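Architecture at a glance
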Amino acid sequence: LWQLLPRDKSQPPLVWHWIPFLGSAPAYGRDPIAFFRDCREKYGNVFTFILLGRRVTVTLGPQGNDFVLGGKHTQLAAEPVYGPLTTPIFGKDVVYDCPNEKLMEQKKFVKVSLTIDKFRAYVGMIDDEVKDYLNTDPSFKVYQMDDINEWGTFPVLKAFSEITILSASRTLQGREIRESLTKEYAQVYSDLDHGFTPLHWMIPGLPLPSYRRRDAAHTKMSSFYQSILRKRRENPSENQEEDVMNSLMKQRYRDGKQLPDHEIAHILIALLMAGQHTSSSSLAWAVLHVAARADIQEALYKEQVQHFGTPDGGLRDFGYDEIRDLNILDAVVRETLRLHPPIHSIMRKANVDIPVPATLGTPSEDSVFVVPKGDIVLASPLISQVDPGVWDNSESWEPTRWYDEKGVAAKANKEYNEGEKIDFGFGLVSKGTVSPYLPFGAGRHRCIGEQFAYLQISTVISSLVRRMEFRYEGTFPAPDYSSMMVQPVPCQIHYRRRRFE
Ligand code: HEM
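Right, let's walk through the structure included here. In every chain, residue numbers begin from 1 and rise along the written sequence. Restriction of local features to residues with pLDDT of at least 70 applies here, the model being predicted, together with a cutoff of 80 or more for giving and counting side-chain atom pairs; totals for whole chains, interfaces and linings are based on all residues. Excluding hydrogens and water, the side-chain figures rest on all heavy atoms present in the structure.

1. Description of the overall build of the chain
Inclusion rule: Per the convention used, a helix needs a DSSP run of H or I reaching at least four residues, while a strand needs a run of E reaching at least two, with both numbered from the N terminus. The rule is simple: take the accessible area with a 1.4 Å probe, protein chains only, and divide by the maximum for that residue type; under 20% is buried, over 50% is exposed, in between is partly exposed. Any pair of residues with heavy atoms lying within 4.5 Å of one another is described as a contacting pair. In this description, accessible areas are obtained by the Shrake-Rupley approach with a 1.4 Å probe, and a residue is regarded as covered only by the protein chains that are shown.
Regarding its fold elements, the chain presents 19 helices and 14 strands. Each of the 501 residues in the chain was classed as buried or not, and the buried ones make up 55%. Restricting the contact set of the chain to residue pairs at least 6 apart, pairs at least 24 apart contribute 72%. Surface summary for the chain: the accessible area is close to 22,000 Å², and the carbon and sulfur share equals 55%.

2. What about the coordination of the iron atom of the ligand?
Operational definition: Water is absent from the atoms considered, so a metal site may look incomplete; donors are defined as N, O and S atoms within 2.8 Å of the metal, or 3.2 Å for Na, K and Ca.
Donor atoms from the protein around the iron atom of the ligand number only one, Cys447 (SG), found at 2.3 Å. Within the secondary structure, Cys447 is located in the loop between strand 10 (428-430) and helix 19 (450-467).

3. Re the site of the ligand
Applied cut-off: Only heavy atoms are used to decide nearness, and a residue is near a molecule or strand if one of them lies within 4 Å of it. Residues are grouped as follows: Ala, Val, Leu, Ile, Met, Phe, Trp, Tyr, Cys and Pro are nonpolar; Asp, Glu, Lys and Arg are charged; all remaining types, including Gly, are polar.
Close to the ligand lie 27 residues; Tyr82, Tyr96, Lys107, His445 and Cys447 are nearest. A per-element tally of the shell around the ligand places helix 13 (residues 261-292) first, with six residues. In terms of residue class, the shell around the ligand is made up of 17 nonpolar, seven polar and three charged.

4. Thoughts on the packing of aromatic side chains
Stated precisely, the cut-off is as follows: Aromatic pairing here means that ring centres of Phe, Tyr or Trp (its six-membered ring) are within 6.5 Å. Orientation follows from the plane angle: under 30 degrees is stacked, over 60 is edge-to-face, and everything else is tilted. By definition here, charges over rings are those cases where NZ of Lys or CZ of Arg is within 6 Å of the ring centre and within 35 degrees of the ring normal.
Counted under the stated rule, the structure contains 27 aromatic pairs. What links up through ring pairs into an aromatic cluster is the set Tyr133, Phe140, Phe154, Phe160, Phe470 and Tyr495. Sitting above the plane of the Trp391 ring, Arg338 keeps its charged end 5.2 Å from the centroid. The side chain of Arg498 reaches across the aromatic face of Tyr301, ending 3.7 Å from its centre.

5. Focus on the side chain of Ser167
Worth spelling out the cut-off: Pairing of N or O atoms within 3.5 Å defines a polar contact, subject to two protein rules: one partner must be a possible hydrogen donor and the other a possible acceptor, and residues neighboring in sequence count only if both atoms are side-chain atoms.
Within the fold, Ser167 resides in helix 7 (residues 156-173). A residue is classified by how much of its surface remains accessible, and Ser167, at 1% relative accessible area, is buried. Within the local environment of Ser167, its side chain forms a polar contact with the side chain of Gln456, the two groups lying 3.0 Å apart.

6. Concerning the sheet that holds strand 11 (residues 468-471)
As a reminder, the rule being used: Only strands that DSSP links by at least two bridges are regarded as paired with each other. For helices, the fitted line uses only the C-alpha atoms of the stretch in contact; every axis is such a line through C-alpha atoms, and the angle between N-to-C directions lies from 0 to 180 degrees.
Pairing within the open sheet is antiparallel, and its three strands lie in the order 4-14-11. At either end of the open sheet lies a strand with only one pairing partner, and these are strand 4 (152-155) and strand 11. Geometrically, the sheet is characterised by an average inter-axis angle of 40° between neighbouring strands, direction not taken into account. Pairing between strand 4 and strand 14 (residues 492-497): four bridges, direction antiparallel. Paired with Thr153 across the bridge in strand 14 is His494. Those strands touched by helix 19 are strand 11 and strand 14, and its axis lies near 95° from that of strand 11.

7. Side note on the pattern of salt bridges
Our working rule: Salt bridge, as applied in this entry: a Lys or Arg side-chain nitrogen positioned within 4 Å of an Asp or Glu carboxyl oxygen.
If you walk through the whole model with that rule in mind, you get 29 salt bridges. With a shortest N-O distance of 3.3 Å, Asp117 and Arg120 are connected by a salt bridge. Of this pair, Asp117 and Arg120 both sit in helix 6 (residues 116-136), three residues apart, roughly one helical turn. Take Arg120: its relative accessible area is 42%, and that puts it in the partly exposed class. Between Arg334 and Asp330 there is a salt bridge, with the nearest N and O atoms lying 2.8 Å from each other. Of the two residues, Arg334 and Asp330 both sit in helix 16 (residues 327-339), four residues apart, roughly one turn of that helix. Classification of Arg334 by relative accessible area gives buried; the value is 14%.

8. What to know about unusual backbone geometry
For Leu52, which is not glycine, the phi dihedral falls at a positive 45°. Mapped onto the fold, Leu52 is located in the loop between strand 1 (46-51) and strand 2 (54-59). Here Asp93, not a glycine, exhibits a phi torsion of approximately 65°, which is positive. For Asp93, the location among the structural elements is in the loop between helix 4 (79-90) and helix 5 (100-113).

9. Considering helix 7
An α-helical segment advances 3.6 residues per turn. Residues three or four places apart therefore align on the same side. Quick reminder of the rule: Multiply 1.5 Å by the residue count of a helix minus one, and that product is the helix's expected span.
Spanning 18 residues, helix 7 covers 24 Å between terminal C-alpha atoms, matching the ideal 26 Å at 1.5 Å per step. Most of helix 7 is tucked away, with 13 of its 18 residues classed as buried. With its phi angle positive at about 100°, Gly174 sits one or two positions after the end of helix 7.

10. Re the environment of Gln187
On the secondary structure map, Gln187 appears in helix 9 (residues 183-193). A C-alpha to C-alpha distance of 8.6 Å links Gln187 and Ala217, two positions 30 residues apart in sequence.

11. Observations concerning the environment of Ile116
Residue placement: Ile116 occurs in helix 6. Remark: the alpha-carbon pair of Ile116 and Asp321, spanning 205 residues in sequence, is separated by 9.2 Å.

12. Looking at the sheet that holds strand 8 (residues 376-379)
An order of 1-2-8-5-3 is seen for the five strands of this open sheet, with the pairing classed as mixed. Two strands bound the open sheet, and with one partner strand each, they are strand 1 and strand 3 (76-77). Note: strand 1 against strand 2, six bridges, orientation antiparallel. Bridged to Leu51 within strand 2 is Arg54. Most of the contacts of helix 3 (residues 61-69) go to strand 8, to which it runs at about 135°, and overall it touches strand 2, strand 3, strand 5 (346-350) and strand 8. Where helix 4 meets the sheet, it contacts strand 3 and strand 5, and its direction lies at approximately 120° from that of strand 5.

Structure (structure tokens):
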């Protein structure tokens, strides 16, 4: 009933709710986008809602993105929000279980491991992984038959989750890890992965089997990585691979200290987990849309033929520099990340009272809102990525918006992520810009996997469209918000092998 009392005008409006502790959790959990839109209509771009006893202040629109993503880390911190979810999975002393300055150094170490030279080697490895998967996985048994006119179906989530982990392990994690992706390791990975849920985030320690399995899996995975590290240190000449582990073994913190083995192990686990759901759900959405749009599928295939066609009617292998020139493929990835960015909510904790800038578009009398210390602040770049005021046909998947009739990439492509560039210690990145397009975030917490993810997603799509035709039948799958990343609800895609190979 206290919600009916006149509110403190210096604070953002509070979203009406019936059950005190629960607050708006059901509406936010069911469909955060519908919830944000509904609240924006009622309260404007800045409002606070209750999520299981916590106050969450949402700031929407490009200025709202800038407020959260461009905030000073001394005022708006990521560690207290993400740490309870990620530390039991990634492990101690990395990412959100260390001071922000240390994370910035760790990001720099990873960045130097993800160079263009390495990417050049990765394209062939990813293509090989896709080929092997199609040739061996039971979901593609029709692909493995001689009759190319036969149609089969494959389960979208399973296929892309497996292709993503196999290709990320082969490239980033190194040979030993890739080779150990046996049934036993898959179970360890799956137990760890099952700790990556909203429940484990909201209540980090519960006496439930899934928590015990998560912790046991972390211990097992960390020990496994550390045993590989010990072997590499004992026999340095034996493994000269260009993987991230070898690269991290050579790095030193600013104080001259090497990274201890447990930190290298935990950074590798963090990379595996951070890239897994984001890339696999993006791939799932991209291929679903391609399957549902015959014209785009045809354009993608023609692009392959135009760039890689051989005189005998086949297609040759492609390289990293070549794949970057494929404008239609690039548009497919860009457009998928516009409509389906896997992370719908980016959060920080306010360490001090923070005034909300009037530029956020709040009514003038309320433009001096102060977000009180202790609140979680939340930006949702997805809202501006589907804002009809910014994008024509904002709700439709339309890759053609990113290139002209001749297939030349639109100038705007390059501009969306531009803006003031700042060196946060791990290379120049765009500051918390006011861009309406931020699938990889911005500012000091900006994703370090962007280039790798683009490469991985583009290579997998190329590998698939040159080998198969796709078809999607029925109502297009809805987004499932119940897991941490927005993925499609379980569904199947129809496929038929092309003549190539
Ligand atoms: C952070 C998106 C793939 C590693 C982020 C953030 C976003 C994002 C939005 C910022 C979160 C925040 O500000 O709170 C994506 C998308 C991906 C992707 C859309 C794929 C389509 C990857 C991959 C890796 C990776 C492949 C690793 C190789 C990370 C890490 C952070 C991060 C370590 C944390 C950075 C920090 O807090 O400073 N990602 N990501 N991501 N991403 Fe990605």
